[in-house]
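# Fold and geometry: a report
The chain contents come next:
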2 protein chains.
Amino acid sequence: MTLSQVTLDDIRPIGIGAGILGTGGGGNPYLGGLHLAAVIREKGPQPIIDPFALADDALCCVVGSIGAPTVSIEKLPEGTEMQRALRLLEAHIGKRFDAVAIAEIGGANSMQPLIGGLQAGIPTVDSDSMGRAYPEIQMSSFLFDTSATAAPLAMVDAADNAAVLPHASSDKWAETIARNIAVSMGARAGLAGTIMSGAQVKAAGVHYTLSLAHHLGSAVIAAQRHKADVPAVAADALDGAVIFRGKISDVARRTTKGFARGGLSIDSFHNRDRLEIEFQNEFLIAYLNGEVAATTPDLICIVTEEEGEPVTTEVLRYGTRVAVITAPAPPQLKSANALKVVGPAAFGYKVAYTPLPGGVIGHAPQMQVKISRENL
Amino acid sequence: MTLSQVTLDDIRPIGIGAGILGTGGGGNPYLGGLHLAAVIREKGPQPIIDPFALADDALCCVVGSIGAPTVSIEKLPEGTEMQRALRLLEAHIGKRFDAVAIAEIGGANSMQPLIGGLQAGIPTVDSDSMGRAYPEIQMSSFLFDTSATAAPLAMVDAADNAAVLPHASSDKWAETIARNIAVSMGARAGLAGTIMSGAQVKAAGVHYTLSLAHHLGSAVIAAQRHKADVPAVAADALDGAVIFRGKISDVARRTTKGFARGGLSIDSFHNRDRLEIEFQNEFLIAYLNGEVAATTPDLICIVTEEEGEPVTTEVLRYGTRVAVITAPAPPQLKSANALKVVGPAAFGYKVAYTPLPGGVIGHAPQMQVKISRENL
């Protein structure tokens, strides 16, 4: 069963699920969840559209926040950024949008298309373009193997500043310019862009990921209530596996070129095994005793051992007891064009990408909460 | 007599005059002059409109290059940036422009409105908004005491990147965001903005400054030919004075916050007097033996002693024999609102502004080349 609307009760599970799907990045959905709750209290639930219910000629775009997640905790939004970005883009192209898709389901940007859609009276599509989180605009399945482009795009800030990029030399150039505009706007802006037809959303989207986040979060909450093995339940919901459990024994961070870069080590609870993970905003590569265990685009998620709550890169610290989950990336991130943008080499890792087997991300999830007997 | 058109023969005098009016900044007009010559050879002369011949409801804007003058020497334009910026702004507002005004007459941006106007088939107004050079968009008489705003503005680069700012919280915010976009675009972009009516141009412009640049440059060329005292002739054309002659004895430069900041000392040829000048892109304040001799918005210009050619901040060097000219700023830069933006305090100098007496900038110049008997 997939979501047909998002109500107040859905916010917490979506936030937990999106936090885990954020693979360490994407920002914390908590503040966005509070914001969404306020808008739902005023306007009622936000309708969610099944991607395959979209007309081929429906006009769609993505909407989200661009900037630094660290800033978003200190600099609260004015509140109507998403709606204003949508309206600005509509004014630029002279057409109204039929539906808003999700740029990234992982992290804080899971909430923004719900907030902006509800404010603008436009339903949200149950599809995103990552099935996880990535830091840049061009890292989007809506752009990998389609004729869609990141520009035109529209940006607004908490004050009265606005910008439109009518076109760009490439999606990477759109990212570069939009990023600098976001910096000018105080490292936080609302963005609407990547204009698509319904047919393009259907062809390129990572589908049912809002429902997946909800399903994953619901499973975590139920497992917490049953005092089950929460990391195992979360891994199960993603068709993934808990590959390591231990204590964070080292964290190294450096902020370079606008990214939170660094690495961490986790020492096993049970033996002398060590898992090392490197990150650039997101967890991108994991080495088990020096051997590659998983790489981007497959998901590497860290959750707390006891509660199964997501651990993002900015809260990593020595001594935290964690479990590491890996899960297969959605197939849209594994095409040759996609791997050029989100494969290990795109982030400077000179290793071949060996896909993890299986995977449910991008497929309609079975919405019953899976708590198997072994996990209870 | 003022200019009614700009032909090939006018390019060199305008370039020299604009170079001197640049007060050390504004970039070198030489490359722009070569570009303009190529466009004039293809399309013929560019018509120049007397500002007072503009209909009150004529639709006008400014066009120019935004970025770092140092970059403009290395990174040549694609060539149609000004025209494309104009067309993009027209597309955004859904109207065509009747005339293009000059943002700054000092330096390289003297040529861009001629190039862009000629390419787009739009005449250039014989008015600018500074009567000199300043580094930022909000430092414009078109904005000081009017209802005009810097945004909407449109920007394009040498490739296919484009940006529109539909509105901004303030003209300073428009500058901040546009500056960052220009950086993204390789520190050089074409910009069209500051949309005005003909009535606003007439009320707020610094008039006949293209003609003044031409007049000043012609005077310099004639004085060079007659082996006259070129600096004195140039000062005379500006109703200014040569306040110092000497050898540059020290130059200190630092590049901070996107500006070329620094200072220089000039030791007199004749006695132990020393003139010290501080600059932030432009020469902003001059001290004679420690006492303030002139400050922004009045013009402080350095020319070579022998040829009277402009010396810009980036070519300042020890040993150059120079003359320093000061000239009264146009009245549009001296209002209370204007001084908040371009007075000494706006650049961090804690001195009161004492206007130099007299002044011709912004008035229709007498177009005969003044070479007085004393100067020959």
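The model shown is predicted, which means the values in this text are computed figures rather than measured ones.

Parameters and conventions
Residues numbered from 1 in each chain as written. Chains lettered and ligands numbered in written order. Predicted model: local features only at pLDDT ≥ 70, side-chain atom pairs only at ≥ 80, totals over all residues. Helix = DSSP H or I, 4+ residues; strand = E, 2+ residues; numbered from the N terminus. Rg over C-alpha atoms; globule rule 2.2 N^0.38 Å. Buried ≥ 20, exposed ≤ 12 C-beta atoms within 10 Å, placed from the backbone. Contact = placed C-beta atoms within 7 Å. Nonpolar A, V, L, I, M, F, W, Y, C, P; charged D, E, K, R; others polar. Core = buried A, V, L, I, M, F, W, Y, C linked by C-beta atoms within 7 Å. Least-squares fit on C-alpha atoms with pLDDT ≥ 70 in both. Domains from an automatic or database assignment. Expected span 1.5 Å × (residues − 1). Axes fitted to C-alpha atoms, helices over the stretch in contact; angles between N-to-C directions. Parallel < 35°, antiparallel > 145°, perpendicular 65-115°, else oblique. Left-handed = near helix turned anticlockwise from the far one by under 90°. Arc of directions from axis to C-beta. Pairing = 2+ DSSP bridges.

### A short note on the overall build of chain A
A count of helical and extended segments in chain A gives 11 helices and 16 strands. Whereas a compact globule of 376 residues would reach a radius of gyration of roughly 21 Å, chain A reaches 19 Å, a difference of no more than 12%. For the C-alpha atoms alone, the extent of chain A along its principal axes is close to 60 × 40 × 40 Å. Across the 376 residues that make up chain A, the buried fraction comes to 59%. Within chain A, counting contacts between residues at least 6 apart in sequence, those at least 24 apart form 75% of the total.

### Here's the deal with the interface of chain A and chain B
If you look at the interface, chain A gives 19 residues, while chain B gives 19 residues. For the side of chain A that touches chain B, the elements supplying multiple residues, two or more each, are strand E7 (162-165) and helix H7 (171-184) of chain A. Considering each element in turn, the side of chain A that touches chain B owes the most residues, 7 residues, to H7(A). A breakdown of the residues in the side of chain A that touches chain B according to their chemical character gives 12 nonpolar, 6 polar and 1 charged.

### Thoughts on the nonpolar core
Counting 247 residues, the largest nonpolar core has Met155(A), Ala234(A), Met155(B) and Ala234(B) as its most contacted members. Excluding residues within four positions of it along the chain, Met155(A) makes contact with Ala85(A), Ala162(A), Ala163(A), Ala178(A), Ile181(A), Ala182(A), Ala189(A), Gly190(A) and Leu191(A).

### Points about the relation of the copies chain A and chain B
The transformation that overlays chain A on chain B combines an axial shift of 0.1 Å with a rotation of 180°, and the residual RMSD is 0.0 Å. Such values leave the two copies arranged in the relation of a two-fold axis. Residue Val164(A), judged by its C-alpha, is the member of chain A lying nearest the rotation axis, at 2.4 Å. Most of the interface of chain A is mirrored in chain B, where 100% of its interface residues are also at the interface.

### Comments concerning unusual backbone geometry
In this structure, the amide linkage connecting Ala151(A) to the following residue, Pro152(A), adopts the cis form with an omega of 5°. The residue Pro152(A) is located in the loop between helix H6 (141-144) and strand E6 (153-156) in this model. In this model, Thr296(A) is joined to Pro297(A) through a cis peptide bond whose omega is 10°. Looking at the element boundaries, Pro297(A) is found in the loop between strand E14 (291-295) and strand E15 (299-304). A positive phi angle, near 50°, is found at Thr194(B), a position not held by glycine. The phi torsion at Tyr208(B) lies on the positive side, around 60°, for a residue other than glycine. Here Tyr208(B) is to be found in the loop between strand E9 (206-207) and helix H9 (209-225).

### A short note on the domain arrangement of chain A
Residue and element names in this part refer to chain A. Under the domain assignment used here, chain A contains domain 1 (5-207) and domain 2 (229-350). In this complex, domain 1 contributes 21 residues to the contact, which on the side of domain 2 involves 25 residues. Contributing elements (two or more residues each) for the side of domain 1 that touches domain 2: helix H1 (8-21) and H6. At 3 residues, the largest contribution of residues to the side of domain 1 that touches domain 2 is made by H1. The residue inventory of the side of domain 1 that touches domain 2, partitioned by class, reads 9 nonpolar, 10 polar and 2 charged.

### Focus: helix H1 (residues 8-21) of chain B
Residue and element names in this part refer to chain B. With 14 residues, H1 should reach 20 Å at 1.5 Å per residue; the first-to-last C-alpha distance of 21 Å fits that figure. Among the 14 residues in H1, 11 count as buried, and that is most of the element. Taken together, the buried positions of H1 are Asp10, Ile11, Pro13, Ile14, Gly15, Ile16, Gly17, Ala18, Gly19, Ile20 and Leu21. Turning to H1, the residues buried within the fold contact strand E1 (5-6), helix H2 (30-43), H9, helix H10 (230-237) and strand E15 (299-304).

### Considering the environment of Arg272(B)
Topologically, Arg272(B) is positioned in the loop between strand E11 (259-268) and strand E12 (274-280). When the C-alpha atoms of Arg272(B) and Pro357(B) are compared, they prove to be 27 Å apart, with 85 residues separating the residues in sequence.

### Re the packing of H7(A) against helix H7 (residues 171-184) of chain B
For any two helices packed against each other, the geometry comes down to the angle between their axes and how far apart the axes lie. Running from N to C, H7(A) and H7(B) point in directions that differ by 150°, and their axes come no closer than 9 Å. Considered as vectors, H7(A) and H7(B) are oriented roughly antiparallel to each other. Here the hand of the crossing between H7(A) and H7(B) comes out right-handed. Contacts from Thr176(A), Ile177(A), Asn180(A), Ile181(A), Val183(A) and Ser184(A) in H7(A) reach Thr176(B), Ile177(B), Asn180(B), Ile181(B), Val183(B) and Ser184(B) in H7(B). The residue inventory of the contact of H7(A) with H7(B), partitioned by class, reads 6 nonpolar, 6 polar and no charged.

### A word on the environment of Ser265(B)
Residues and elements named next belong to chain B. Take Ser265: it is sitting in strand E11. Ser265 gets classed as partly exposed once you count the C-beta atoms within 10 Å, which come to 17. Separated by 18 residues in sequence, Ser265 and Lys247 have C-alpha atoms that sit 8.4 Å apart. Setting aside residues up to four positions removed in sequence, Ser265 forms contacts with Ser249, Asp250, Arg274 and Glu276.

### Points about the packing of helix H2 (residues 30-43) of chain A against helix H5 (residues 112-120) of chain A
Residue and element names in this part refer to chain A. For the pair H2 and H5, interaxial distance at closest approach is 9 Å and the crossing angle is 25°. It follows from the interaxial angle that H2 and H5 lie roughly parallel. H5 is crossed by H2, and the crossing has left-handed handedness. Where H2 approaches H5, its residues Gly32, His35, Leu36, Val39, Ile40 and Lys43 are matched on the opposing element by Gln112, Leu114, Ile115, Leu118 and Gln119. When grouped by side-chain class, the residues that make up the contact of H2 with H5 number 6 nonpolar, 4 polar and 1 charged.

### Remarks on H2(A)
Residue and element names in this part refer to chain A. For H2, built from 14 residues, the straight-helix expectation of 20 Å at 1.5 Å per residue is met to within 8% by its first-to-last C-alpha distance of 20 Å. Buried within H2 we find Gly32, Gly33, His35, Leu36, Val39 and Ile40. For H2, the buried positions fall inside an angular range of 160° around the axis, keeping them on one side. In H2, those exposed residues whose orientation departs by more than 90 degrees from the buried face are Ala38, Arg41 and Glu42. Buried residues along H2 sit against H1, strand E2 (46-49) and H5.

### A word on the pairing of strand E7 (residues 162-165) of chain B
All names here are of chain B. With burial as the criterion, each face of E7 is covered, one bearing Ala162 and Val164 and the other bearing Ala163 and Leu165. In terms of strand pairing, strand E6 (residues 153-156) meets E7 through 4 bridges, oriented antiparallel. Paired with Leu153 across the bridge in E7 is Leu165. From the end of E6 to the start of E7, which pair antiparallel, there are 5 residues.

### Regarding the pairing of E6(B)
All names here are of chain B. Across the two faces of E6 the burial is the same, with Leu153 and Met155 and Ala154 and Val156 all buried. Relative to strand E8 (residues 188-197), E6 runs antiparallel, the two sharing 3 bridges. Residue pairing for E8: Met155 is matched across the bridge by Leu191.

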